[in-house]
Amino acid sequence: MRALTELTDQELADAVAELGGKPFQARQASHWLWKHGVTAIDAMKNVPTRLREGLAARFRVRAGELAQVDEAEDGTQKLLVRWADGETVECVIIPDGERTTLCVSSQVGCPVACVFCASGMFGVRRNLTPGEIAEQVLLARARLPADRALTNLVVMGMGEPMLNLDGLLPALQRIHDPQGIGMGARRITVSTSGYPRQMERFAAADPSYNLAVSLHAADDELRKCLVPTATAPVREIVAAAHRYFGQKGREVTYEVVLLEGVNDRPQDAQAMVEALGALPCTVNLIPWNPVEEIARDRGLRRPSVPRVDAFADALRQGDLKVTVRRQRGADRSAACGQLRLRHAGANAG
Ligand code: SAH
Ligand code: SF4
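What counts, and at which threshold
- Counting of residues starts from 1 at the beginning of each chain's written sequence and follows it residue by residue.
- Each chain gets a letter, beginning with A, and each ligand a number, beginning with 1, in the order they are written.
- Only residues with pLDDT of 70 or above have their local features reported here, since the model is predicted, and side-chain atom pairs are shown and tallied only from 80 upward, although totals for entire chains, interfaces and linings are computed over all residues.
- To get the side-chain values, all heavy atoms of the structure are used, and hydrogens and water are removed first.
- To be near a molecule or strand, a residue needs just one of its heavy atoms within 4 Å of it.
- In the analysis that follows, any N or O atom pair within 3.5 Å is treated as a polar contact, provided that within protein one partner can donate a hydrogen and the other can accept it, and provided that, for residues neighboring in sequence, both atoms belong to side chains.
- To be clear on the numbers: accessible area is Shrake-Rupley with a 1.4 Å probe, and residue cover counts the displayed protein chains and nothing else.
- Under the scheme used here, helices are H or I runs from DSSP no shorter than 4 residues and strands are E runs no shorter than 2 residues, and both carry numbers assigned from the N terminus.
- Put simply, a disulfide is two cysteine sulfurs that come within 2.5 Å.
- Put simply, a salt bridge is a Lys or Arg side-chain nitrogen that is within 4 Å of an Asp or Glu carboxyl oxygen.
- Burial status follows relative accessibility: with a 1.4 Å probe on protein chains alone, a residue under 20% of its type maximum counts as buried, one over 50% as exposed, and anything between as partly exposed.
- The pairing criterion is simple: DSSP has to find at least two bridges between the two strands.
- Inter-axis angles, ranging from 0 to 180 degrees, are taken between N-to-C directions of lines fitted to C-alpha atoms, where helices are fitted over the stretch in contact.
- Each angle gets one of four labels, with under 35 degrees taken as roughly parallel, over 145 as roughly antiparallel, 65 to 115 as roughly perpendicular, and the rest as oblique.
- Each crossing gets its hand from how the near helix is turned against the far one by less than a right angle, where anticlockwise is left-handed and clockwise is right-handed.
- We call two residues in contact when some of their heavy atoms are within 4.5 Å.
- Asp, Glu, Lys and Arg are counted as charged, while Ala, Val, Leu, Ile, Met, Phe, Trp, Tyr, Cys and Pro are counted as nonpolar; the rest, among them Gly, fall into the polar class.
- Here, nonpolar core refers to any group of buried Ala, Val, Leu, Ile, Met, Phe, Trp, Tyr and Cys residues whose side-chain atoms link them within 4.5 Å.
- Side-chain rings of Phe, Tyr and Trp, where Trp is taken by its six-membered ring, are said to pair if the distance between their centres is within 6.5 Å; with planes under 30 degrees apart they count as stacked, over 60 as edge-to-face, and otherwise as tilted.

Caption draft 1: Fine view of the site of ligand 1. Taken together, 20 residues sit near ligand 1, with Gly157, Gly159, Ser191, Ser214 and Asn289 positioned nearest. At 2.6 Å from an oxygen atom of ligand 1 is found a side-chain nitrogen or oxygen belonging to Ser191. Measuring from an oxygen atom of ligand 1, one finds a side-chain N or O atom of His216 at 3.3 Å. For ligand 1, the protein covers 95% of the area, taking 530 Å² as the surface of the free molecule. Of all the secondary structure elements, the ones that give two or more residues to the shell around ligand 1 are strand S10 (188-192) and strand S12 (252-258).

Shown next, in the form of structure tokens:
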């Protein structure tokens, strides 16, 4: 049985029409789904009973359900979502002052296999559908107290969004649509490990969203060690980011996950200044969030605060704008992919 959230507007209109309903009733149903976030068709109060019964006989409301919530002392909530086929993904709610950011997943697992990342440890299982990506917003919204709303969305959970644009773009449309969830495009940021051709297609989307590029290293050899499946050279990735996004006045953020002694050395900062120095962008430094298995098997370490500061200073001296990500939800499985990893471990044993 398909879920109503999986239907395009046209498919919902067709289903309503087949049941003898009118186009405005399909819009009402959609409003209940995305604006009110109902979880039962019976809760669609202004939809006539016969139409509701007809829909209920053919559709479920949602594709997924909340399987687990991990709440940290700082208010960060990590949600594990289970889909109908038993696969799971994570999304994370991050309150920060007035802002509340939601981080969603775009795939189950990830094919890119970055050496430091829990999401990429077992490859990709499948793409998420548009409904599954957008539904994460509904599940998260329902977890917020009445005086909080989601203000920002980042596609930085599990998966490589550029490798699932057919899932991502309709989902973002739904999340942005004032008749849907209604979040401003400027508040939506998608993070990629760097696929220039797909970035072009993403940039052509209307409305245009913000882009974050997970660069990690400006030197191709070193980058290849960190992002082994990446094929595009750094200069092509950077050129694509600025050609498509910089010119539209959208923000380009470069993310650099810092690993001690691997990519946090003075020469790594220097290479980054040379690659990015003259471009309008921000570099966001992310001290690695250790994943136990990876730290053990690959000997990776999170750099000390002075090392991170030194790297940041070197970039600033090269006229780059730099931010350093604070650790959030540190007392729980904080990094992307880790909750699912633990969950899978618990199930296995
Ligand atoms: N696949 C996309 C988006 C998901 S990953 C991408 O790579 O950009 C989102 C961000 O989390 C990326 O910048 C990634 O490098 C970072 N990340 C992954 N694992 C991490 C870890 N253990 N500690 C810190 N950052 C991590
Ligand atoms: Fe995939 Fe991003 Fe993790 Fe790399 S960092 S394995 S691209 S989710």
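Let's pick the thread back up.
Caption draft 2: The arrangement of the state of the cysteines in detail. This model, assessed by the stated rule, comprises zero disulfides. Residue Cys281 stays outside any disulfide, its sulfur separated by 20 Å from that of Cys114, the closest cysteine.

Caption draft 3: Quick peek at the pattern of salt bridges. All chains considered together, the criterion is met by 17 salt bridges. Two residues, Arg174 and Asp9, come together in a salt bridge whose shortest N-O distance is 2.8 Å. Of the two residues, Arg174 sits in helix H5 (residues 165-176) while Asp9 sits in helix H1 (residues 9-18), which places them 165 residues apart along the sequence. Between Glu132 and Arg126 there is a salt bridge; the shortest N-O distance is 2.9 Å. Residue classification places Glu132 among the buried positions, given a relative accessible area of 4%. Note on Arg126: relative accessible area 21%, which makes it partly exposed. Connected through shared salt-bridge partners, Asp85, Arg126 and Glu132 make up one network.

Caption draft 4: Molecular detail of the environment of Val47. Looking at the element boundaries, Val47 is found in the loop between helix H2 (23-36) and helix H3 (49-58). Along the backbone, Val47 and Trp32 are 15 residues apart, and their C-alpha atoms lie at a distance of 9.6 Å.

Caption draft 5: Representation of the pairing of strand S5 (residues 88-96). Taken across its nine residues, S5 has seven buried, putting it largely inside the fold. The pairing of strand S4 (residues 77-83) with S5 spans six bridges and is antiparallel. Paired with Val81 across the strands is Val89, a residue of S5. In this antiparallel pair of consecutive strands, S4 and S5, the connection spans four residues, and Gly86 shows a positive phi of 90 degrees. The sheet contact formed by S5 and strand S6 (residues 99-103) spans five bridges and is antiparallel. Residue pairing across strands places Pro95 opposite Thr100, the latter belonging to S6. Linking two consecutive strands that pair antiparallel, namely S5 and S6, is a turn of two residues; a positive phi of about 60 degrees is found at Gly97 within it.

Caption draft 6: Structural view of the packing of H5 against helix H6 (residues 196-203). Their axes nearest at 11 Å, the elements H5 and H6 cross at an angle of 20 degrees. In terms of orientation, H5 lies roughly parallel with respect to H6. Relative to H6, H5 is oriented so that their crossing is right-handed. Taken together, the residues of H6 that come into contact with H5 (itself represented by Leu165, Asp166, Leu168, Leu169 and Leu172) are Gln198, Arg201 and Phe202. For the contact of H5 with H6, a count of residues per class yields five nonpolar, one polar and two charged.

Caption draft 7: Just the nonpolar core, in detail. Core analysis: the biggest nonpolar cluster contains 106 residues, and Phe116, Leu153, Leu172, Phe202, Tyr254 and Leu315 have the highest contact counts within it. When near neighbours in sequence (up to four residues on either side) are disregarded, Leu315 contacts Ala269, Met272, Val273, Val283, Leu285, Leu320 and Val322.

Caption draft 8: Summary view of the sheet that holds S4. An order of S3-S4-S5-S6-S9-S10-S11-S12-S13-S14 is seen for the 10 strands of this open sheet, with the pairing classed as mixed. Every interior strand has two partners, whereas the edge strands, strand S3 (64-71) and strand S14 (321-324), have only one. With direction set aside, neighbouring strand axes in the sheet form an average angle of 25 degrees. Across the sheet, H5 is in contact with strand S9 (152-155) and S10; its angle to S10 comes to roughly 160 degrees. Contacts between H6 and the sheet are confined to S10 and strand S11 (210-214), with S11 contributing the most and set at about 165 degrees to the helix.

Caption draft 9: Structural view of the side chain of Ser208. Summarising the element assignment, Ser208 is placed in the loop between H6 and S11. We classify Ser208 as buried; its relative accessible area is 17%.

Caption draft 10: Representation of the packing of aromatic side chains within the structure. Scanning the model with the defined rule gives one aromatic pair in all. For the pair Phe202 and Tyr209, a centre-to-centre distance of 6.0 Å together with 20 degrees between the ring planes defines the contact as stacked. The residues Phe202 and Tyr209 share a single accessibility class, namely buried.

Any functional reading would require information that these geometric values do not contain.
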